[in-house]
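As a plain string of letters, each chain reads:
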Amino acid sequence: MRRSWAFLAVAALPVGLLGAAAPAGAATTPAGCAGWTVTTVASGLGTLENIAPDGAGGLYVSAVDRSAVERVTATGRTTVATGLDAPGGLVRAGGTLYVNTGDSALNIALALPGTVTAIDLATGATRKVASVTAPNGLAGLPDGSLAAASSAVFGLSGITRVVPSTGVKTARWSSYGHSNGLAVSPDGTTLYSDDTYTGEIVAIPLLSGGARAGAARTVARIGTVLDAVDDLTATPDGSLYVAANLGNRVEKVDPATGAHCAIATVPGASSVRVGPGVVGPGGPAPALFTSGWDGTVRELDPPAGVTVG
């Protein structure tokens, strides 16, 4: 969610949503917090909302202010699709890139509809898959469906499940409100999400491969509305990495204990994903990549002893 949107949304929030203490008994710091290397992949890209590595040295980014999705490499960028209204969350599935549109201040404040849209990566052609209220984050579920988060201020929309081949959707598949980022655990059993306004991170059980959702359970709280947590990713060691865009950082979270720490300063961090290294000192070893409201894509290479892929 863009910086101006966050402040617009805050004005409408009940006081009780402005943050609370971390889960009782939670540890304060996980291992592997220090020693990360941050390298710029590309800059001057506008306002970036989301990122999705393609596994081949490229990174798809959604540029909200330019109504475009682009592919960025260490040597340049190419346009994938244009004319997209406030593009947000990205998920690549084979030759198709799915993107949420309508990730705008107006939609978030008034719970207006946006879309899940499919982009043919070979031709750039776009196809509306389904309408979704105030869409933000997007994730692919184990059964091939998509989960689209709604960041509507009053949290009435929950998370919508969409079958991309048919466009059939299940509104409020999960009733978890104010959902922003979405990430599936590597074992496919859990969907993690977070709440922009409270800093809460939750685990949602995936039942029948994602056909049904269990009740959301709080696993950590990493800030308040002043931090504005955004998208997140899950890694094979059980860790979560979360972008805090007003907080200008990426946090590492242990969902088993609630322990968390900042691993890097990233201005306006909006999304974090895992992919093969592109420009960092770790070479092609898995690294984290972030998009930012400052128009910069960054690679975060872990310290010795920490793996992310």
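The structure we're discussing is the one just above.
Fair warning: this is a prediction, and the values are worked out from it, not measured in the lab.

Draft legend 1. Here's a closer look at the overall build of the chain. Counting secondary structure elements, the chain contains 2 helices and 25 strands. Taking 309 residues into account, the globule formula puts the C-alpha radius of gyration at 19 Å, and the chain, at 17 Å, falls close to it. C-alpha extents for the chain along the principal axes are approximately 45 × 45 × 40 Å. Surface summary for the chain: the accessible area is close to 10900 Å², and the carbon and sulfur share equals 55%.

Draft legend 2. Structural context of unusual backbone geometry. Of note, A228 is a non-glycine position whose phi angle comes to about 50°, a positive value. Of note, the phi angle at N248 is positive, near 55°, even though the residue is not glycine. Among the secondary structure elements, N248 is positioned in the loop between strand 20 (240-244) and strand 21 (249-253).

Draft legend 3. A look at the sheet that holds strand 19 (residues 229-234). Strand order in this open sheet of 4 strands is 19-20-21-22, and the pairing throughout is antiparallel. Strands at the two margins of the open sheet, each flanked by one partner only, are strand 19 and strand 22 (260-265). Neighbour-to-neighbour, the strand axes of the sheet open up by a mean angle of 25°, direction not taken into account. Relative to strand 22, strand 21 is paired through 5 bridges, and the arrangement is antiparallel. Looking at strand 22, one finds that V250 is bridged to A264.

Draft legend 4. Region of the structure containing the environment of V162. Structurally, V162 is set in strand 12 (residues 159-162). The buried category is assigned to V162, whose relative accessible area is 1%. Each C-alpha atom, one on V162 and one on T73, is 30 Å from the other, the two residues being 89 residues apart in sequence. If near-sequence neighbours (up to four positions away) are discounted, V162 is found in contact with V116, V129, A130, V132, S145, L146, V168 and K169.

Draft legend 5. Focus on the pattern of salt bridges. Going through the model one piece at a time under the given rule, you end up with 9 salt bridges. A salt bridge links R66 to E70; the shortest N-O distance between them is 3.0 Å. Residue classification places R66 among the partly exposed positions, given a relative accessible area of 30%. Judged by its relative accessible area of 4%, E70 falls in the buried class. A salt bridge links R249 to D227, with the nearest nitrogen and oxygen atoms 2.8 Å apart. With R249 in strand 21 and D227 in the loop between strand 18 (217-221) and strand 19, the pair connects residues that are 22 residues apart, well separated along the chain. D227 shares its class with R249; the two are buried.

Draft legend 6. Quick look at the packing of aromatic side chains. Enumeration according to the criterion identifies 1 aromatic pair in this entry. Judged by centre distance (5.6 Å) and plane angle (65°), the rings of W36 and Y241 are edge-to-face. On the criterion of sequence distance, the pair formed by W36 in the loop between helix 1 (3-10) and strand 1 (37-42) and Y241 in strand 20 is long-range, its members being 205 residues apart. By the burial criterion, W36 is buried, and Y241 matches it.

Criteria and thresholds
Residues numbered from 1 in each chain as written. Predicted model: local features only at pLDDT ≥ 70, side-chain atom pairs only at ≥ 80, totals over all residues. Heavy atoms only, no water. Helix = DSSP H or I, 4+ residues; strand = E, 2+ residues; numbered from the N terminus. Rg over C-alpha atoms; globule rule 2.2 N^0.38 Å. Areas by Shrake-Rupley, 256 points an atom, 1.4 Å probe, with all protein chains shown as cover. Pairing = 2+ DSSP bridges. Axes fitted to C-alpha atoms, helices over the stretch in contact; angles between N-to-C directions. Buried < 20%, exposed > 50% of the residue type's maximum accessible area, 1.4 Å probe, protein only. Contact = heavy atoms within 4.5 Å. Salt bridge = Lys/Arg side-chain N within 4 Å of Asp/Glu carboxyl O. Phe/Tyr/Trp six-rings, centres within 6.5 Å; stacked < 30°, edge-to-face > 60°.

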